[in-house]
Each structure stands twice: as C-alpha cells, then as structure tokens.
Amino acid sequence: MSHVDHFSYGLVTPIAAYIVSTIGCMLGLALTAKARAATGAARARWLVGGALSIGGTGIWVMHFVAMMGFTVGGNPIRYDVLLTTVSMFLAVVIVGGGLFLVSSKNYSASRLVVSGMVTGVGVAGMHYLGVSAMNMSATVYYDVTLIALSVVIAMVASTVALWFSVKTDGTLATAGAALIMGVAVCGMHYVGMFAMEVRPRISLTPVEGARGIDFMLPVLGAVSLLTLGLLLAVILAPSEQEMRTDAELLAHLENRRATARHAATAASAPVAQNAMQNAGQNAPAEQRRPSLFDAQDR
C-alpha cells in the first residue's frame, strides 16, 4: 500500500499549479515577443523578463504549489531552504539560456532542438533537485522508467516552449500556446512525482528545514510583485508593431545621414584638390623651384 498522497487537498493544488504555470508562460511569451522587436540591451532585458516568468513562475512556482498537496502518511515534510533556492535559480538560468540561444540571428531547427534538449534536462534537474530538498522520516526510491519518461516530457515541452517563444504572435496564439505549455509542465511534474516510492521509517530526531507553507508564502508574495511589475512593463511598453516601426524609422534616418555625409565628402574633395593646385601655381618662383646657387649652398 502506498503511503504517498499527491492530492491531499483534492484538485485544489493541481488546478492552482496549472493556473500559475499558464500565467507564467503567457507572460513569458509576451515578453519574448517584445524581445523579437528590440535590439541591444533592450532585447536582453525582455529576454531576462521572459526567463523569470517562464522559469520562475511557469515552472518553479508551479512545482512548489503542486508540492503543497504532497503528503507521506501524515509524516512531517520540511524543505532545505538552500537547495530549494538553488533549484529556483537553476530553472531561471536554464530557461534564460535557451531563450537567448533560439532568439539569436543564427536561429535554425537544429539549434532549436539542441536548446530544447539542454533546457529540458535542466528543467528536469530543477524538479529532482527540488524533490531532494524535501526532508522527511522516510526512505525514497525511484522508478527509473518514469524518471526517463519525465525527462523526455521535459525536453519535448522545453523545445515546444522555445519554438513558441520565437514564433507565437498575437493574443489568442499566445494564450493557446501558454495553455499547452501549462499542460506539459504539469504533466512533467506529476510523472516525476509518481516515479517516487516512499517508505516511512521511525526516527527520534526532529526533521530539519522549513515548512512548505512558511517557505512558500514569502516566495509567492515576491513572485506576485515581480509578475505584476513585468505585466505592467508589457502593458505600458509599445506594441511589437510599434517597436518595429520605430526601428525601421531610426534605420531610415541613419541611412539618410550616412548618404548626406558621403555626398558632402564627395563634393568637398574636388574643391580641396583645386585649392591645393591653385596654391601651388600662385606660390613665388623661389619657393616652387630651388635655384642652382641654393643647391650649391646646401
């Protein structure tokens, strides 16, 4: 008989986890759409925002919201704060790396696949690092087949997410893509969780670490503020079409300046040459042609 309950609060935690994941992915796709129309530092800032939204909210926060429904026969579960925090940074960094790779000028299908595979392995690593951060009076075993399946799901989901980040355009398309990404992320999480087999054991020492609710409340508060700030940035920023129009206008003005500079340089060259010739012709004979006596004196 299994001592594990993944849905101790019923459907509340999986539904909440899916909603959180969808919101994070939708906001991340909106931010990466801004990055496609930007250049330089502005593009990098939009991509960082996308990594925070998809990796931080869409994946990491979703993971720990779902974990709130995980219980082991009533045994207390505590979380190692350091490992949990490292798993968050891993999710953001690995998703950010994938976004930067596929959004470069050298985009190709092979680059997308490689980036998706690497990102998927990183996301799976985040999941199992977060699971290993759990402290409890129990021995944990894993089903290797289900672990492999969860990694494959993570790689496929990451590849699809990266493809959406460079191809999705428009509100309806972004919303649809986010709904699909939410299903993939939650599916990967629960397949990975079902790979666990937990056998409680008797321990006389208290379980170390922070309670899930104590750790998650401040994190959710911080993530909510960050999400609100990124959402306001998307709303207040110019649209993708406006950004493209501005970039084209700036490029057109720069071309006109370059053409004007080239024309001015070409027009001034004959004038300067004629001035030099006139100066040579008007110079005194003594300056233009040294005399024989000058040569002997030297």
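Each remark here, short or long, concerns the structure printed above.
The written sequence of each chain sets the order in which its residues are numbered from 1. Thresholds applied to this predicted model are a pLDDT of at least 70 for local features of residues and 80 or more for the giving and counting of side-chain atom pairs; totals over whole chains, interfaces and linings are not thresholded and use all residues. Side-chain descriptors were evaluated using all non-hydrogen atoms of the structure, hydrogens and water having been removed beforehand.

(A) Molecular detail of helix H3 (residues 81-102). Spanning 22 residues, H3 covers 32 Å between terminal C-alpha atoms, matching the ideal 32 Å at 1.5 Å per step. Throughout, a contact is declared for two residues whenever any of their heavy atoms are within 4.5 Å. Counting from the N terminus, the helices are DSSP H or I runs at least four residues long and the strands are E runs at least two residues long. Check the buried side of H3 and you find it contacts helix H1 (12-36), helix H2 (40-67), strand E3 (78-79), helix H4 (109-132), helix H5 (144-167) and helix H7 (212-236). Whenever a nitrogen or oxygen atom comes within 3.5 Å of another N or O atom, the pair is scored as a polar contact, on the condition that within protein one atom can donate a hydrogen and the other can accept it, and that pairs from neighbouring residues in sequence are kept only if both atoms are in side chains. The backbone nitrogen of Leu82 lies 3.0 Å from a side-chain oxygen of the residue at the head of H3, namely Asp80. What a helix is expected to span follows from its residue count: subtract one and scale by 1.5 Å.

(B) Structural context of the packing of aromatic side chains. Ring pairs shown here join Phe, Tyr and Trp side chains whose ring centres sit within 6.5 Å, with only the six-membered ring taken for Trp; geometry is labelled stacked below 30 degrees between planes, edge-to-face above 60, and tilted in between. All told, the structure shown has six aromatic pairs when counted by the stated rule. A ring pair is formed by Tyr128 and Tyr142, whose centres lie 6.2 Å apart and whose planes are at 80°; its orientation type is edge-to-face. With Tyr128 in helix H4 and Tyr142 in strand E5 (residues 138-142), the pair connects residues that are 14 residues apart, well separated along the chain. Only protein chains enter the accessibility calculation, which uses a 1.4 Å probe; a residue is then buried when its area is under 20% of its type maximum, exposed when over 50%, and partly exposed in between. Looking at Tyr142, the relative accessible area reads 37%, which means it is partly exposed. Aromatic ring contacts, followed pair by pair, group Phe7, Tyr190 and Phe194 into a single cluster.

(C) Just the layout of surface pockets, in detail. In this structure, the second largest pocket spans a volume of roughly 310 Å³. Using protein atoms alone on a 1 Å grid, points that fit a 1.4 Å probe yet trap it form a cavity, whereas open point sets bounded by protein on both sides within 12 Å along at least five of seven lines form a pocket; residues with an atom within 4 Å of a point count as lining. For the second largest pocket, the lining is made up of 15 residues, of which Tyr9, Met68, Phe70, Ile77 and Gly212 are closest to its centre. Sorting the residues of the lining of the second largest pocket by element identifies E3 and H7 as the ones contributing at least two each. Here the term charged refers only to Asp, Glu, Lys and Arg, the term nonpolar to Ala, Val, Leu, Ile, Met, Phe, Trp, Tyr, Cys and Pro, and the term polar to all other amino acids, Gly among them. Looking at the lining of the second largest pocket residue by residue, the class counts come to eight nonpolar, five polar and two charged. Grid points are joined across faces, edges and corners, and a volume is the space filled by probe spheres set on the points.

(D) Quick peek at the sheet that holds strand E7 (residues 210-211). When DSSP finds two or more bridges between two strands, those strands count as paired. The antiparallel open sheet is built from three strands, whose spatial order is E4-E3-E7. This sheet does not close on itself; its edge strands, each paired only once, are strand E4 (134-135) and E7. Strand direction decides the pairing type here: E3 and E7, joined by two bridges, are antiparallel. Bridging across to E7, Tyr79 finds its partner in Ala210.

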